[in-house]
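Results of the structural survey
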Amino acid sequence: MRAAQDAPAHTTGTGQGPGRTEAKDFVEFLSVEQLDRDLFRGRCHDGIPSRAFGGQVAAQALAAACLTVPEDRTAHSLHGHFLRPGDTARSLVYSVERVRDGSSYLARRVTAVQGGEPVFTLTASFKRPETAGDRQPAMPQTPEPGTLPDMYKTWATNNPADFAQAEFCRVLEMRYVPGPAEPTTPGLTEQKLWIRATERLPDTHVLHTCALAYASDLFLAPAAALPHQLPRMLRREPSSVFLTSLDHSIWYHRPFHADEWMLFAQRSPTAVDGRGLAFADVWSLDGTLIAHVVQETVIRPSRARHR
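Okay, so let's go over this structure. Fair warning: this is a prediction, and the values are worked out from it, not measured in the lab.

Next up on the list: the packing of aromatic side chains. How two aromatic rings sit relative to each other is given by the distance of their centres and the angle of their planes. Across all of its chains, the model carries ten aromatic pairs by this definition. Here the aromatic rings of Y176 and F219 are separated by 5.8 Å at their centres, their planes lie at 45°, and the arrangement is tilted. With Y176 in strand 9 (residues 172-177) and F219 in the loop between helix 5 (205-216) and helix 6 (220-224), this pair connects stretches of sequence that are 43 residues apart. Ring pairing ties together the aromatic residues F26, F29, F53, Y152, W155, F163, F168 and Y214, which thus form one cluster.

The following block contains the structure:
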């Protein structure tokens, strides 16, 4: 990806934590280095200690795929599988396979490798924009982000050491909307999350597409675990469950900017067999439906509970 240009910053809600950064830091999180025609390299920060953040791995894999398609094609879907934890002490190599180059649609398969073993696989599809009918439901009624408390302040108070190590807080601003006191449907868990890049980003479609992929991995697994515990940022006690992503899919519908507020309306309809399934409808502040996200995650009792 191209280097970021200077841009006006948002006014963030907190002065605590890792600190404010320029847009170039987020661009660097999403960028990969080209080694050969279809071979790229990237480095990832921690999601949990010494394990790469899955959203960043998916975003970098998508970035690598985007570098192999013409500029007039845009990603409309991606489907990824997390195979092994990524080691943040070493770089990841992304190998892109040009599966299909059609007149309208293109497909790419990306394999992220570390130490000779695949860590993550991604299939992404791209297309030319078309003029066609447009329909969508109404955006759910939700408090606007400016009326909600800064969840980072809660996290910094409850667990300052944990918060200080969270790299994504440097580049994303978030506001949390708890789910209803009683499920709207028995067995369904719900929560909403407003997210935007902390700083203005360069106005390139690829960058904003990858930024959404990065952000989309936040809070989906915790949505499946809501019957057991609050998300990590909002609780004082240690986790009572073990969570790790198995697979992750995104469908992009309409243009958007990741440095403007996006609402991730999340729900989890089922958990069984040590697996939970969670969905997110992603909306822009003006009520445009911009994407859908689906994730399956491992959900098991934490080993620490049995010690």
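Next comes the rest of the description.
Moving on to the pattern of salt bridges. Pairs can form between side chains of opposite charge whenever their charged atoms are close. Tallied over the entire structure, the rule returns 21 salt bridges. A salt bridge links K127 to E130; the nearest nitrogen and oxygen atoms lie 3.2 Å apart. On the basis of relative accessibility, which here comes to 15%, the residue K127 falls in the buried class. Close ionic contact of E296 with R275 constitutes a salt bridge, the shortest N to O distance being 2.6 Å. Note that E296 is positioned in strand 14 (residues 289-301) and R275 in strand 13 (residues 275-284), a separation of 21 residues in sequence. Given the relative accessible area of 33%, R275 is considered partly exposed.

Okay, helix 3 (residues 151-158) next. For helix 3, every residue scored as buried is listed here: M151, Y152, W155, A156 and N158. Of the surrounding elements, those touching the buried residues of helix 3 are helix 4 (160-164), strand 9 and strand 10 (189-197). Where helix 3 begins, the side chain of D150 points an oxygen toward the backbone nitrogen of Y152, at a separation of 2.9 Å.

Phi at F219 takes a positive value of approximately 75°, unusual for a residue other than glycine. Of the residues examined, F219 reaches a relative accessible area of 6% and is grouped as buried. At D273, a position not held by glycine, the phi torsion is positive, near 60°. On the secondary structure map, D273 appears in the loop between strand 12 (262-272) and strand 13. Assessed through its relative accessible area of 63%, D273 is described here as exposed.

Time to look at the environment of R236. If you trace the backbone, R236 turns up in the loop between helix 6 and strand 11 (241-252). Residues R236 and T157, spaced 79 residues apart in sequence, show a C-alpha to C-alpha distance of 9.0 Å. Those residues in contact with R236 that sit more than four places away from it in its chain are T157 and N158. A distance of 3.3 Å separates a polar atom in the side chain of R236 from a polar atom in the side chain of N158.

This part takes up the layout of surface pockets. Put simply, the second largest pocket is a space of about 640 Å³. At the level of secondary structure, the elements contributing two or more residues to the lining of the second largest pocket comprise strand 5 (74-82), helix 5 and strand 11. When residues of the lining of the second largest pocket are assigned to their parent elements, the largest contribution, three residues, is made by strand 5. For the lining of the second largest pocket, the residue count by class is seven nonpolar, six polar and six charged.

Further remarks concern the side chain of R254. The topology assignment puts R254 in the loop between strand 11 and strand 12. Given a relative accessible area of 17%, R254 falls into the buried group. Side chain to side chain, R254 and D134 meet in a polar contact 2.7 Å long. A polar contact is formed between the side chain of R254 and the backbone oxygen of L289, at a distance of 2.9 Å. Excluding anything up to four places from it in sequence, R254 contacts D134, R135, Q136, T288, L289 and I290.

To continue, consider the nonpolar core. Counting residues in hydrophobic clusters, the biggest one holds 74 residues, and the most contacted among them are F26, L62, Y94, Y152, F168, L212 and Y214. When residues of this core are assigned to their parent elements, the largest contribution, nine residues, is made by helix 2 (residues 54-66). With nine residues, the next largest nonpolar core counts L148, L263, A265 and W283 among its residues.

Each value, and the rule that gives it
- Residues numbered from 1 in each chain as written.
- Predicted model: local features only at pLDDT ≥ 70, side-chain atom pairs only at ≥ 80, totals over all residues.
- Heavy atoms only, no water.
- Phe/Tyr/Trp six-rings, centres within 6.5 Å; stacked < 30°, edge-to-face > 60°.
- Helix = DSSP H or I, 4+ residues; strand = E, 2+ residues; numbered from the N terminus.
- Salt bridge = Lys/Arg side-chain N within 4 Å of Asp/Glu carboxyl O.
- Buried < 20%, exposed > 50% of the residue type's maximum accessible area, 1.4 Å probe, protein only.
- Contact = heavy atoms within 4.5 Å.
- Polar contact = N/O pair within 3.5 Å; in protein donor to acceptor, adjacent residues only side chain to side chain.
- 1 Å grid on protein atoms, 1.4 Å probe; cavity = no way out; pocket = protein on both sides within 12 Å on 5 of 7 lines; lining within 4 Å.
- Points joined across faces, edges and corners; volume = space filled by probe spheres on them.
- Nonpolar A, V, L, I, M, F, W, Y, C, P; charged D, E, K, R; others polar.
- Core = buried A, V, L, I, M, F, W, Y, C linked by side-chain atoms within 4.5 Å.

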